Amino acid sequence: MGVEGTMEYISDFLKKRKRKKKKQMQTVALRVARIDCEGCERKIKHILSGVKGVKSVDVDVKLQKVTVTGYIEPKKVLEAAKSTKKKVELWPYVPYTMVANPYISQAYDKKAPPNMVRKVPDTASVNETTVDDSYTIMFSDENPNSCIIM
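Let me begin by describing the structure that accompanies this report. (Residues numbered from 1 in each chain as written. Predicted model: local features only at pLDDT ≥ 70, side-chain atom pairs only at ≥ 80, totals over all residues. Heavy atoms only, no water.)

Some remarks on the overall build of the protein chain
Each helix and strand counted, the protein chain has five helices and six strands in total. Within the span of the protein chain, comprising 150 residues, buried residues form 27% of the whole. Partitioning the intrachain contacts of the protein chain with sequence separation of at least 6 by distance along the chain shows that 53% fall at a separation of at least 24. In the form shown here, the protein chain has an accessible surface area of approximately 11,900 Å², with 54% of it arising from carbon and sulfur atoms. (Helix = DSSP H or I, 4+ residues; strand = E, 2+ residues; numbered from the N terminus. Buried < 20%, exposed > 50% of the residue type's maximum accessible area, 1.4 Å probe, protein only. Contact = heavy atoms within 4.5 Å. Areas by Shrake-Rupley, 256 points an atom, 1.4 Å probe, with all protein chains shown as cover.)

What to know about the environment of proline 121
Relative to the helices and strands, proline 121 is located in the loop between β6 (116-118) and α4 (133-138). Sequence separation of proline 121 and alanine 100 is 21 residues, and the distance between their C-alpha atoms is 9.2 Å.

Quick notes on the environment of lysine 45
Along the chain, lysine 45 falls in helix α2 (residues 38-49). Exposure remark for lysine 45: the relative accessible area of 34% places this residue in the partly exposed category. Through-space distance from the C-alpha of lysine 45 to that of aspartate 58 is 7.6 Å; in sequence the pair is 13 residues apart. Setting aside chain neighbours within four positions, we find lysine 45 in contact with Val57 and Val59.

Description of α2
For α2, with 12 residues, the first-to-last C-alpha span of 16 Å sits near the 16 Å given by 1.5 Å per residue. Along α2, the residues classified as buried are Cys40, Ile44 and Leu48. Buried positions in α2, seen along its axis, are confined to an arc of 55° and lie on one side of it. In α2, the exposed residues that point more than 90 degrees away from the buried face are Glu38, Arg42 and His46. Tucked into the core, α2 has its buried residues touching β1 (26-32), β2 (54-60), β3 (65-70) and α3 (74-82). (Expected span 1.5 Å × (residues − 1). Arc of directions from axis to C-beta.)

Brief notes about the pairing of β2
The pairing of β2 with β3 spans six bridges and is classified as antiparallel. Considered in β3, the bridge of serine 56 is made with threonine 69. What sits between the antiparallel neighbours β2 and β3 is a turn of four residues, in which glutamine 64 has the positive phi angle 55°. (Pairing = 2+ DSSP bridges.)

Brief notes about the nonpolar core
Note that soluble globular proteins tend to have their nonpolar side chains buried in a common cluster. Ranked by size, the top nonpolar core spans 19 residues in total, and within it Leu30, Leu48, Val66 and Val68 carry the most contacts. Residue contributions to this core peak at four residues, all from α3. The contacts of leucine 48, once residues within four sequence positions are left out, are Val54, Val57, Val66, Val68, Val77, Ala80 and Ala81. (Core = buried A, V, L, I, M, F, W, Y, C linked by side-chain atoms within 4.5 Å.)

Details of the side chain of arginine 31
Positionally, arginine 31 belongs in strand β1. The residues touching arginine 31, leaving out its near neighbours within four places in the chain, are Gln64, Lys87, Val88, Glu89, Leu90, Trp91, Pro92, Tyr93 and Lys111.

What to know about the pattern of salt bridges
Evaluated as defined, the whole model comprises two salt bridges. A salt bridge links arginine 31 to glutamate 89, with the shortest nitrogen-to-oxygen separation between them at 3.3 Å. You can see arginine 31 sitting in strand β1 and its partner glutamate 89 sitting in strand β4 (residues 88-90), a full 58 residues away along the chain. Residue arginine 31 is classed as buried on the basis of its relative accessible area, which comes to 16%. In this structure, aspartate 109 and arginine 118 form a salt bridge, with 3.3 Å as the shortest nitrogen-oxygen distance. Relative accessible area serves as the criterion here: at 27%, arginine 118 is assigned to the partly exposed category. (Salt bridge = Lys/Arg side-chain N within 4 Å of Asp/Glu carboxyl O.)

Quick look at the structure:
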């Protein structure tokens, strides 16, 4: 087995070897309740930076938002964050311009940051709001008895 045989062996070996898919760089945003002090912030940063593939961890105490960036899987980051024994969920808010009906009851949240609403599926409609039809009819211009109320 000379040089040619060795080269053939190596080329066959490289062709047969399965190539692992490289993970995409991702950013995972989490909402972590009760980030009260620097100790809580440090604890969360320490645990999340220990996850394999994490490049950076940013904690915003005011919004209670943690942003993790790296070659990671969101499920693993969520599990690691839950090990802090705090209430953790994926970031539920989006800019209100991204939602078709930002004022329906499912989207509006008092705790949301400014200019943000809860992420709602497009199937939610205005009919699912808490506004009752009897009130809209009561104050309608077409209702002849509305003058009594006003």
